[in-house]
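# Structural overview
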Amino acid sequence: MQFCLKKIRYHALSVSKTLSAFYKAIIIFWKSPNRKALRIPVKALAPTSSGYAKLLLKTRNNWAQKPKNIFYKGNPSVLKTKPKIAVIGSRCMTNYGELMLKKFIPHLAKEGCAIVSGGAFGIDITAQKIAKIYNTPLITVLGSGLNNPAPSSNAWFFEDLARYNKGLLISEYPDNYPATKYTFPQRNRLIAAIADVI
C-alpha cells in the first residue's frame, strides 16, 4: 500500500512538472521575437472611413471621451454588418448562462448578425467562441493595446480571430498599452457605439 502511494505521488509530481514546463514554454514562445513576428500587424482605422465616423457620431454626446485613435486587426468591413448584437455578461458564467448562449447564438448567426463583445472571461468570450463555430461575423473591443491583450489567457483566441475572415479586433489604445481598471469602462462605450442592439 505504501509503495502504491509513493508511486502515485511520483506520477503526480511528474505530471505537475510536465505541465509547469509546458506552461513556461508557452509563455516564452508568446513573448519571443519569433512569435511577435507571426502576429497580425496592427493598423489604424482611417478617420475618413464610415466605421470611424460612426464611432465618433455615437460618442458625440461626450466629446471628452471620444476615441482619438482606433486601431484594428482583422477585417474592418465587418463593421458594415447589420445588425450588430453586443453579447456581454458575467465573468463568472453559470451553466445556465452557457446553455442560453448555445441556444440563442445559432439563431443570431442564422439571421446574419454580427456578435460584438469585450472578450472578457465568461459570457463574452464564450459567446464569441460559439458564434465562430457558426461562421458568424465577430467584433471584439479590447481594453488594452492589441499586442498586449487582456485577459492574456485569451490572447490565442484574439490572434486567431484576427486571422478569421469575418473577425475584427478593435482598440483605441496603442499596440502594447496595458489594461487598467479605467480602460475597461472606456472600452464599454465603444461596444455600445458599435452595437445596434445590446
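Refer to the preceding data block for the structure.
First, a word on scope: everything that follows refers to the structure included in this document. (Residues numbered from 1 in each chain as written. Predicted model: local features only at pLDDT ≥ 70, side-chain atom pairs only at ≥ 80, totals over all residues. Heavy atoms only, no water.)

With that out of the way, let us pick up the environment of Thr 180. Among the structural elements, Thr 180 can be located in the loop between strand S6 (167-171) and helix H7 (183-194). A relative accessible area of 31% means that Thr 180 is categorised as partly exposed. Sequence spacing of Thr 180 and Gly 143 is 37 residues, and the spatial spacing of their C-alpha atoms is 7.8 Å. (Helix = DSSP H or I, 4+ residues; strand = E, 2+ residues; numbered from the N terminus. Buried < 20%, exposed > 50% of the residue type's maximum accessible area, 1.4 Å probe, protein only.)

The next point concerns the sheet that holds strand S3 (residues 84-86). One open sheet holds the 6 strands; their spatial order is S1-S2-S6-S5-S4-S3, and the pairing between them is mixed. The sheet is open, and its two edges are formed by strand S1 (43-44) and S3, each paired on a single side. Two elements, strand S2 (residues 71-74) and S6, share 4 bridges in a ladder whose sense is antiparallel. Across the sheet, Lys 73 pairs through a bridge with Leu 169, a residue of S6. The sheet contacts of helix H5 (residues 123-133) involve strand S4 (114-117) and strand S5 (138-141), and relative to S4 the element is tilted by about 155°. Sheet strands in contact with H7 are S3, S4, S5 and S6, and its direction is about 155° off that of S5. (Pairing = 2+ DSSP bridges. Contact = heavy atoms within 4.5 Å. Axes fitted to C-alpha atoms, helices over the stretch in contact; angles between N-to-C directions.)

Here is a general trend for soluble globular proteins: nonpolar side chains tend to be buried in one another's company. In terms of nonpolar packing, the biggest core is built from 22 residues, with Val 87, Leu 101, Ile 105 and Ile 115 touching the most fellow members. Contributions of two or more residues to this core are made by helix H4 (95-110), H5 and helix H6 (155-163). Looking at this core element by element, the count peaks at 5 residues for H5. Sequence-distant contacts of Leu 101, that is, excluding residues within four places in its chain, are made with Val 87, Met 93, Pro 106, Ile 123, Thr 126, Ala 127 and Ile 130. Counting residues in hydrophobic clusters, the runner-up holds 15 residues, among them Ile 70, Val 141, Leu 168 and Ile 170. (Core = buried A, V, L, I, M, F, W, Y, C linked by side-chain atoms within 4.5 Å.)

Moving on to unusual backbone geometry. Between Lys 82 and the following residue, Pro 83, the backbone shows a cis peptide bond with an omega angle of -10°. By secondary structure assignment, the location of Pro 83 is in the loop between S2 and S3. In this structure, Pro 151 follows Ala 150 across a cis peptide bond, with omega equal to 0°. For Pro 151, the location among the structural elements is in the loop between S5 and H6.

Now for the pattern of salt bridges. Scanning all chains against the criterion turns up 7 salt bridges. The salt bridge partner of Lys 132 is Asp 160, with a shortest N-O separation of 3.2 Å. Placement of Lys 132 in helix H5 and of Asp 160 in helix H6 is noted, with a sequence separation of 28 residues between them. A relative accessible area of 25% means that Lys 132 is categorised as partly exposed. Under the relative-accessibility criterion, Asp 160 is labelled partly exposed at 36%. Each member of the salt-bridge network shares a partner with another, and the members are Lys 73, Glu 159 and Arg 163. (Salt bridge = Lys/Arg side-chain N within 4 Å of Asp/Glu carboxyl O.)

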